[in-house]
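Summary of structural features
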Amino acid sequence: PQVSILFEVEDLSQASPATVSRAGMIYLNTEDLGWWPFVTSWLEQPEYAEDKILVQTLTAMLEKYMEESLEYRRLQLKELVDTDRLASVRQFCALFDAHHDAEHGIDPSLYPNLEDEPEAYVAIIELTFLFCLIWSVGATLDDDSRKKFDVFLRENDTRWPHDQTVYEYFVDAKAREWVLWEKQLTTYRPPPEMPFFKIMVPTVDTLRSKTIALTLSGIGRHVLIVGNVGVGKTMVAQSCLDNLPENKSSMIINFSAQTSSNSLQNTIEGRLEKRSKGIFAPSGGKKMVVYVDDFN
């Protein structure tokens with residue numbers, strides 16, 4: 001019998017000339033491929049492919065917004081942390097995955113007359129798409145660039161409220177409309193026994209950062225919180241850890257100039273239980289969220 005082996009490698013740095021000469025090479029340039037192959041395979045997941053209205057609406061919105069948004073960001077806007085085009089698309093897909101459920105209104109079973117009246121279902125898909133676009137392609141922009149991105153989105157869609165920028169709104173699944181983040185804020189009264197240095201008064205900024213971070217961590221995605229010194233990154237992260245579901249535990253690791261890869265591994269493994277040789281897991285059958293402070 002004949003055996004054919006297909007290898008997918010990042011580079012040939014470890015391959016000898018003899019290995020290279022005996023194998024047929026196919027090189028795929030990410031710049032030429034673009035992001036569409038990734039999105040195409042994403043839309044072919046069973047939970048998406050079975051919903052034709054969802055796939056058609058997402059495809060139309062991606063064709064209308066994604067490439068134009070990525071190019072506008074590259075040419076006209078400034079990012080706090082430079083992000084790759086495909087990385088932004090992957091974050092968009094991850095955010096949409098997190099919102100693809102009945103709680104966020106994206107479930108065909110919620111719409112009994114879907115074939116005759118698909119408008120309500122299409123509307124919530126489009127609103128969720130725009131929300132995920134803002135917090136993927138537009139998430140890393142500085143303040144001035146966010147204002148420009150706001151104008152760019154409004155030129156392509158007239159459903160936005162005119163009071164504030166698009167970053168100030170989230171999608172109300174029941175009403176199928178944009179609602180201000182500040183509507184979720186309530187009057188804050190710290191517990192009497194809480195020490196002063198632990199008091200964190202919720203604001204729109206901390207609320208949406210916390211919501212997006214918890215959404216991404218809820219589907220197993222890594223989250224990087226960036227900002228200047230003293231803006232409250234640690235407090236936001238601590239608040240996220242305090243609001244984890246019961247099936248997740250957490251641990252905090254503080255990086256310093258003396259932190260090494262071995263000490264990091266030992267710190268994490270010290271909080272885990274050894275199940276078998278080379279296999280560690282958190283206690284109680286939970287999943288663990290590791291918060292690394294001062295990652296810079």
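Now for a look at the structure at hand. No experiment lies behind these values; they were computed from the predicted model shown.

This next bit is on the overall build of the protein. Scanning the protein from terminus to terminus reveals 11 helices and six strands. Principal-axis analysis of the C-alpha atoms gives the protein an extent of 65 × 55 × 40 Å. In the protein, once contacts between residues fewer than 6 apart in sequence are set aside, the share between residues at least 24 apart is 59%. Summing over all exposed atoms, the protein offers an accessible surface of approximately 19600 Å²; the carbon and sulfur share of this is 52%. When the 29 basic and 44 acidic side-chain charges of the protein are each reduced to a single mean position, those positions are 7 Å apart.

Further remarks concern the pattern of salt bridges. Counted by the stated rule, this structure contains nine salt bridges. Residue Glu79 is joined to Arg73 by a salt bridge in which the shortest nitrogen-to-oxygen separation is 3.5 Å. For the pair Glu79 and Arg73, a shared accessibility class is recorded, and that class is buried. Note that Arg154 and Asp150 form a salt bridge whose closest N and O atoms lie 2.9 Å from each other. Remark: Asp150 and Arg154 occur in helix α8 (residues 143–156); sequence separation between them is four residues, near one turn of the helix. Judged by relative accessible area, which is 18%, Arg154 ranks as buried. On the accessibility criterion, Asp150 (9% relative accessible area) is buried. Within this structure, Glu67, Glu71, Arg74 and Arg85 form a network of salt bridges that share partners.

This next bit is on helix α10 (residues 233–242). Burial in α10 covers these residues: Val236, Ala237, Ser239, Cys240 and Leu241. Buried residues along α10 sit against α9 (204–218), β3 (248–254) and β6 (287–293).

Tallying each qualifying case throughout the model produces 16 aromatic pairs. Ring geometry for Trp42 versus Phe92: centroids 6.1 Å apart, planes at 70 degrees, classification edge-to-face. With Trp42 in helix α3 (residues 36–43) and Phe92 in helix α6 (residues 85–99), this pair connects stretches of sequence that are 50 residues apart. In terms of burial, Trp42 and Phe92 fall into one category: buried.

So, on to unusual backbone geometry. At Arg176, a position not held by glycine, the phi torsion is positive, near 55 degrees. Examined against the element boundaries, Arg176 turns out to sit in the loop between β1 (169–172) and β2 (177–180). With phi around 55 degrees, Asp294 is a residue other than glycine that occupies positive phi space. Along the polypeptide, Asp294 turns up in the segment after β6. Judged by its relative accessible area of 52%, Asp294 is exposed.

Turning our eyes to something else, we now look at the nonpolar core. Ranked by size, the top nonpolar core spans 53 residues in total, and within it Trp42, Leu58, Met66, Phe92, Phe96, Phe129 and Leu153 carry the most contacts. For this core, the secondary-structure elements that each account for two or more residues are α3, α5 (52–76), α6, α7 (119–134), α8, β1, β2 and α9. Here this core gets 10 residues from one element, more than from any other, and that element is α7.

Secondary-structure assignment places Glu168 in the loop between α8 and β1. Residue class for Glu168 comes out buried when judged on its relative accessible area of 17%. With sequence-adjacent residues up to four places away left out, Glu168 is seen in contact with Val179, Leu180, Trp181, Val204 and Arg208.

The next thing to look at is a negative patch on the surface. A cluster of like negative charges, contributed by Glu115, Asp116, Glu117 and Glu119, occupies part of the molecular surface. Looking at where Glu117 falls in the secondary structure, it is placed in the loop between α6 and α7.

Analysis parameters
- Residues numbered from 1 in each chain as written.
- Predicted model: local features only at pLDDT ≥ 70, side-chain atom pairs only at ≥ 80, totals over all residues.
- Heavy atoms only, no water.
- Helix = DSSP H or I, 4+ residues; strand = E, 2+ residues; numbered from the N terminus.
- Contact = heavy atoms within 4.5 Å.
- Areas by Shrake-Rupley, 256 points an atom, 1.4 Å probe, with all protein chains shown as cover.
- Lys, Arg positive; Asp, Glu negative; His and termini not counted.
- Charge placed at Lys NZ, Arg CZ, Asp CG, Glu CD.
- Salt bridge = Lys/Arg side-chain N within 4 Å of Asp/Glu carboxyl O.
- Buried < 20%, exposed > 50% of the residue type's maximum accessible area, 1.4 Å probe, protein only.
- Phe/Tyr/Trp six-rings, centres within 6.5 Å; stacked < 30°, edge-to-face > 60°.
- Core = buried A, V, L, I, M, F, W, Y, C linked by side-chain atoms within 4.5 Å.
- Patch = residues over 30% accessible without salt bridge, like charges linked within 9 Å, V, L, I, M, F, W, Y side chains within 5 Å.

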